[in-house]
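Per-entry structural report
The chain contents come next:
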Amino acid sequence: AVAVLVIACPCALGLATPAAIMAGTGVAARHGILIKDAQALEIAHRVDTLAFDKTGTLTEGQPRLALIEAVAGVDELAVLRAAAALQAQSAHPLARAVLDAARERGIEMAVAQDVQAVPGRGSQGTVQGTRLALGSLRWMNELGVPVETLAPAVAGAQARGDTVSLLACQGPSGAWSPMALLAFVDDPNPGAQAALALLRAQGLRLFMVSGDNASAARAMAARLGLRAAEGEVIAEVLPGDKAAVIAQLKQGGHVVSMIGDGVNDAPALAAADVGMAMSHAQGGSADVAMHAAGITLMRGDPALVAAALDISRRTVRKIRQNLFWAFAYNAAGI
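Since the model is a prediction, treat every value here as computed from it, not as a measurement. (Residues numbered from 1 in each chain as written. Predicted model: local features only at pLDDT ≥ 70, side-chain atom pairs only at ≥ 80, totals over all residues. Heavy atoms only, no water.)

For the rest of this paragraph, the subject is helix H14 (residues 303–333). Under the 1.5 Å per step criterion, the end-to-end length of H14 is 45 Å for 31 residues, consistent within 8% with the ideal 45 Å. For H14, the complete set of buried residues consists of Leu-304, Val-305, Ala-306, Ala-308, Leu-309, Ile-311, Ser-312, Thr-315, Val-316, Ile-319, Ala-326 and Asn-330. (Helix = DSSP H or I, 4+ residues; strand = E, 2+ residues; numbered from the N terminus. Expected span 1.5 Å × (residues − 1). Buried < 20%, exposed > 50% of the residue type's maximum accessible area, 1.4 Å probe, protein only.)

Next up on the list: the layout of surface pockets. By volume, the second largest pocket is sized at about 150 Å³. In terms of lining residues, the second largest pocket is bounded by Pro-63, Arg-64, Leu-65, Ala-66, Leu-67, Ile-68, Glu-76, Ala-97, Asp-100, Ala-101, Glu-104 and Arg-105. For the lining of the second largest pocket, the elements supplying multiple residues, two or more each, are strand E3 (64–70) and helix H6 (93–104). Top contributing element to the lining of the second largest pocket by residue count: E3, with five residues. Of the residues belonging to the lining of the second largest pocket, the class tally is seven nonpolar, no polar and five charged. (1 Å grid on protein atoms, 1.4 Å probe; cavity = no way out; pocket = protein on both sides within 12 Å on 5 of 7 lines; lining within 4 Å. Points joined across faces, edges and corners; volume = space filled by probe spheres on them. Nonpolar A, V, L, I, M, F, W, Y, C, P; charged D, E, K, R; others polar.)

This brings us to the side chain of Gln-158. Of note, Gln-158 is situated in helix H8 (residues 151–159). Residue Gln-158 is classed as buried on the basis of its relative accessible area, which comes to 9%. Once you skip the residues sitting within four places of it in the chain, Gln-158 turns out to touch Leu-137, Val-164, Asn-213, Ser-215, Ala-216 and Ala-219. (Contact = heavy atoms within 4.5 Å.)

Attention shifts here to the packing of aromatic side chains. Under the defined criterion, the tally for this structure stands at one aromatic pair. Aromatic pair Phe-324 and Trp-325: ring centres 5.1 Å apart, planes at 75°, arrangement edge-to-face. Assigned by exposure class, Phe-324 and Trp-325 land together as exposed. (Phe/Tyr/Trp six-rings, centres within 6.5 Å; stacked < 30°, edge-to-face > 60°.)

Structure below.
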């Protein structure tokens with residue numbers, strides 16, 4: 001009786017899973033993958049759908065101001081000065097691009113009052129007595145800004161895959177009028193196309209989630225090898241709606257992983273079955289994403305996504321092997 005009790009003691013069963021998870025997290029850490037949540041490591045092997053945030057994940061996340069198209073009678077330098085004033089206190093990547101362009105041209109910064117950030121849309125404030133708004137084309141339409149004069153420039157920028165913002169001013173009557181188009185270029189991450197091709201070859205569903213206009217998002221998707229015609233591009237998504245997109249992708253029993261890098265991605269990372277945060281040197285908003293995700297990729301390399309999934313598969317396989325042998329030699333001993 002004592003011998004049976006000693007042999008049947010579940011020490012081996014209790015060690016089978018933790019030992020494999022410790023080994024898996026150690027291997028992952030050596031490859032730049034930080035596992036914060038062991039449950040995420042156990043679930044990741046079942047992931048069949050990957051949703052990538054565009055900016056900073058599939059792109060380099062360092063946009064630059066490529067074009068200012070001002071309406072007739074508006075000075076380009078005045079546009080840049082006003083835009084820089086509105087963006088002076090913002091940490092958004094597009095705001096940094098505006099400020100960098102203003103510094104490169106040696107523009108003296110103006111001071112903006114009553115600056116308000118409108119999430120997912122842009123910012124507005126008063127510069128030298130004029131009420132200004134700088135933000136997305138969608139927001140300009142909501143404000144009733146007539147953009148017909150800038151339509152050709154907008155169409156050309158979106159066809160190239162540029163992110164488009166418009167600067168508008170408010171008149172004494174309260175009506176808004178356009179001042180200029182600002183087009184931003186963000187190059188694809190050098191390893192993104194190869195990483196996506198590898199994941200596709202493994203039979204995974206791929207999606208790119210972007211707040212950009214559909215035309216611009218499709219142009220970037222083409223450069224990354226994504227198939228917009230097959231629904232792999234989800235565009236014009238406001239930051240607050242990303243979690244709802246993840247919920248839609250989970251319908252039908254799919255196991256979804258969200259990969260993002262910014263504070264706007266945090267709700268979606270938390271809503272996904274497995275959240276993967278891509279860490280960047282700038283910190284700040286990336287830190288929020290890291291807290292919301294179960295797995296952190298310590299380098300801005302999309303190839304780490306495939307590596308994380310592979311480590312999960314190997315870890316689960318080793319857990320099953322450990323459990324099999326624990327049962328086998330306990331049964332034989334008894």
